[in-house]
Amino acid sequence: YVLPHRAPCSRMGGVSMSGATQGEVHGEGGAYVGGYWKKLDECEENFNIQGGSNENVPPTACPRSTTRHSAAKADGSYDVVVIGAGCIGAAVARELSKTTASVLMIEAADDVCQGATKGNSGIVHAGFDDKPGSTRAKLCWKGNQMFPALDEDLHFGYQLTGSLVVARGAEEEKHLEELLERGATNGVENLRIVRGAELRKMEPNLDEAATAALHSPDAGTLIPYEYNIALAENAADNGVEVRIRRIVDAIEKTTDGFEISASHWEPKPWVESKAMASDALGNYYGGVGEGGPWDKFPVLVKGKQEISIDDMKVGGSGSMRAMDGVVVEKEKIRTRLDPEP
Ligand SMILES: Cc1cc2nc3c(=O)[nH]c(=O)nc-3n(C[C@H](O)[C@H](O)[C@H](O)COP(=O)(O)OP(=O)(O)OC[C@H]3O[C@@H](n4cnc5c(N)ncnc54)[C@H](O)[C@@H]3O)c2cc1C
């Protein structure tokens, strides 16, 4: 699976590229906006470089684990609580922020984008690979087509690179035909099998054995952190309350909604500096049920601290244990559905 026309890395330096992108590096002399490269002097209107909302705002102290507003209703409950601030939770929170719902997003880690999202490859797939009939097959192409406009709004550096699935020889080319057919079934447009000089022009660094490739001009790449952070920031700007360092321990159904129990933790040095009691709960750290793909991962090491599989399940390297955290508070959070008007 090859993404042609990418920013040059050491292996690809000096290569001349063609297509939607030309090998520029996001942030160096310009930026990718809506999938396409814009030079710095064209960015002014897109980025509010002068006269922007933050131009004259001095840096302020970190608000620590909370946005500066509460989105709670008068009785302290919320319409919706989103648990987990990865790209999915943040996107859901942002969509909800377009409504009048009161929304809280809570995250176990010390920041957004500390779970699977931060480790992903950043490919915005076109949808030709997904099993027909699956949810992914139904949604991937539609979602793919939303990215240029989403990036025009949020500026996370979406690059419309296109993608090539490369075959070496007749046997592998059969698979390209299968993908082409599957793509058509899934409603993916603009797919084509390319060969020879056209293929080499698209990606001059291909293996000599490459004979053909499935080209999708609609696949792209993004920077997962930029994407996740942009979604969460925009949700918060539009009224979603965000609490980080909250591990959800339990969810119970109530007569009119849910009650969520969460452990609020803070880094130990900060807690000690605040002279807060920590003895009773000092050894606690959260995790979700056993099993699942994380169990295949070895214990990771960050600095001098080991990060266990449990840490990776909840909060990744920003987890409570990796951050030497202690629970400072047990919170109860309620959602309540208002009766139909
Ligand atoms: C190596 C790799 C490469 C990938 N490459 C791609 C790709 O190129 N393109 C693509 O489309 N997809 C890719 N994926 C898949 C993609 O990364 C995931 O589908 C996506 O990140 C899932 O987002 P999420 O928000 O559901 O999960 P996450 O980002 O994991 O977010 C879940 C959040 O919930 C929090 N949480 C968990 N338990 C609790 C709790 N009890 N209380 C509070 N918070 C909690 C976690 O701390 C975490 O922050 C890749 C995945 C991997 C692992």
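The structure under discussion appears in the preceding block.
Because the structure is predicted, anything quoted here is derived from the model rather than measured.

Asker: Residue-level account of the layout of surface pockets, with values.
Answerer: Taken as a whole, the largest pocket spans an internal volume of roughly 1,200 Å³. Secondary-structure elements contributing two or more residues to the lining of the largest pocket are α2 (87-96), β5 (123-124), α3 (135-154) and α6 (224-237). Its residues assigned to classes, the lining of the largest pocket shows 18 nonpolar, nine polar and eight charged. Built from parts of two domains, the lining of the largest pocket gets at least three residues from each of domain 1 (30-44 + 123-222) and domain 2 (80-115 + 240-336).

Asker: Can you lay out the packing of α2 against α6 for me, pointing to particular residues and giving the numbers?
Answerer: At a closest axis distance of 8 Å, the pairing of α2 and α6 adopts a crossing angle of 30°. Compared by their axis directions, α2 and α6 come out roughly parallel. Here α2 and α6 pass one another in a crossing that is left-handed. For the pair α2 and α6, contact is made by C87, A90, A91, A93 and R94 and by Y227, N228, L231, A232, N234 and A235, respectively.

Asker: Go over the side chain of R336 with me, naming the residues and quoting the values.
Answerer: Position of R336 among the secondary structure elements: in strand β15 (residues 325-336). Relative accessible area serves as the criterion here: at 19%, R336 is assigned to the buried category. Separated by 2.6 Å, the side chains of R336 and D75 make a polar contact. Leave out the neighbours within four places in its chain, and R336 touches K73, D75, S77, Y78, D79, D256 and G257.

Asker: So what's going on with α6? Residues and values would help.
Answerer: In this model α6 runs 20 Å from its N-terminal to its C-terminal C-alpha over 14 residues, within 8% of the 20 Å that 1.5 Å per residue would give. Residues of α6 that are buried: P224, Y227, N228, A230, L231, A232, N234, A235 and A236. Among the structural elements, α2, β4 (103-106), α3 and β10 (241-243) are those in contact with the buried residues of α6. Phi turns positive one or two residues past the end of α6, at G239, with a value near 110°.

Asker: Before we move on, could you go through the site of the ligand and cite the residues and values that matter?
Answerer: For the ligand, the set of nearby residues contains 22 residues, the closest of which are E107, A116, T117, I123 and G315. In the model, a nitrogen atom of the ligand is placed 3.0 Å from a nitrogen or oxygen of the S121 main chain. Between the ligand and V248 there is a distance of 2.9 Å, counted from a nitrogen atom to a backbone nitrogen or oxygen. When isolated, the ligand has an accessible area of 1,000 Å², and the protein chains bury 66% of it. When contributions to the shell around the ligand are tallied by element, the ones reaching two or more residues are α2 and β11 (246-253). Considering each element in turn, the shell around the ligand owes the most residues, three residues, to β11.

Asker: Quick one: what's the story with the pattern of salt bridges, residue by residue and with numbers?
Answerer: Across all of its chains, the model carries 17 salt bridges by this definition. Residue D153 is joined to R94 by a salt bridge in which the shortest nitrogen-to-oxygen separation is 3.9 Å. Here the residue D153 occupies a position in helix α3, and R94 occupies one in helix α2, the gap between them amounting to 59 residues. The exposure class of R94 is buried, given its relative accessible area of 8%. Between R168 and E172 there is a salt bridge, with its nearest N and O atoms 3.9 Å apart. Owing to a relative accessible area of 47%, R168 belongs among the partly exposed residues under this scheme. One connected set of salt bridges, linked through shared partners, spans R94, E95, K98 and D153.

Asker: Hey, could you go over the packing of α3 against α6 for me, with residue numbers and the actual values?
Answerer: Packing of α3 against α6 leaves a shortest axis separation of 11 Å and a crossing angle of 65°. Both α3 and α6 take part in a crossing whose hand is left-handed. On α6, the residues touching F147, L150 and L154 of α3 are Y227, A230, L231 and N234. In terms of residue class, the contact of α3 with α6 is built from six nonpolar, one polar and no charged.

What counts and how
- Along each chain, the written sequence defines residue order, and numbers are assigned to residues from 1.
- With pLDDT at 70 or above as the cut-off, local features in this predicted model cover only qualifying residues; side-chain atom pairs require 80 or more to be listed or tallied, and sums for whole chains, interfaces and linings still use all residues.
- The basis for every side-chain value is the complete set of non-hydrogen atoms in the structure, without hydrogens or water.
- Of the two site types, the cavity is a set of points on a 1 Å grid over the protein atoms alone where a 1.4 Å probe fits but cannot get out, and the pocket is an open set with protein on both sides within 12 Å along at least five of seven lines, each lined by residues with an atom within 4 Å of a point.
- Grid points are joined across faces, edges and corners, and a volume is the space filled by probe spheres set on the points.
- A run of H or I in DSSP becomes a helix once it reaches four residues, and a run of E becomes a strand once it reaches two; helices and strands are each numbered from the N terminus.
- Side-chain classes are defined by residue name, with Ala, Val, Leu, Ile, Met, Phe, Trp, Tyr, Cys and Pro counting as nonpolar, Asp, Glu, Lys and Arg as charged, and the others, Gly among them, as polar.
- An automatic or database domain assignment provides the domain bounds reported here.
- Only the contacting stretch of a helix is used when fitting its axis, a line to C-alpha atoms as for every element, and angles between N-to-C directions run 0 to 180 degrees.
- The labels follow the angle: roughly parallel below 35 degrees, roughly antiparallel above 145, roughly perpendicular from 65 to 115, and oblique for the rest.
- Less than a right angle of anticlockwise turn of the near helix away from the far helix marks a crossing as left-handed, whereas a clockwise turn marks it as right-handed.
- Any two residues whose heavy atoms approach within 4.5 Å at even a single point are treated as in contact.
- Here the term buried applies to any residue with accessible area under 20% of the maximum for its type, exposed to any over 50%, and partly exposed to those in between, with areas from a 1.4 Å probe on protein chains only.
- We call two N or O atoms a polar contact when they sit within 3.5 Å, provided that within protein one can donate a hydrogen and the other can accept it, with sequence-adjacent residues counted only if both atoms are side-chain atoms.
- By definition here, a helix of n residues has an expected span of 1.5 Å times n minus one.
- Throughout, near means a residue has at least one heavy atom within 4 Å of the molecule or strand.
- Accessible areas in this description were obtained via Shrake-Rupley with a 1.4 Å probe; residue shielding takes into account the shown protein chains only.
- Put simply, a salt bridge is a Lys or Arg side-chain nitrogen that is within 4 Å of an Asp or Glu carboxyl oxygen.

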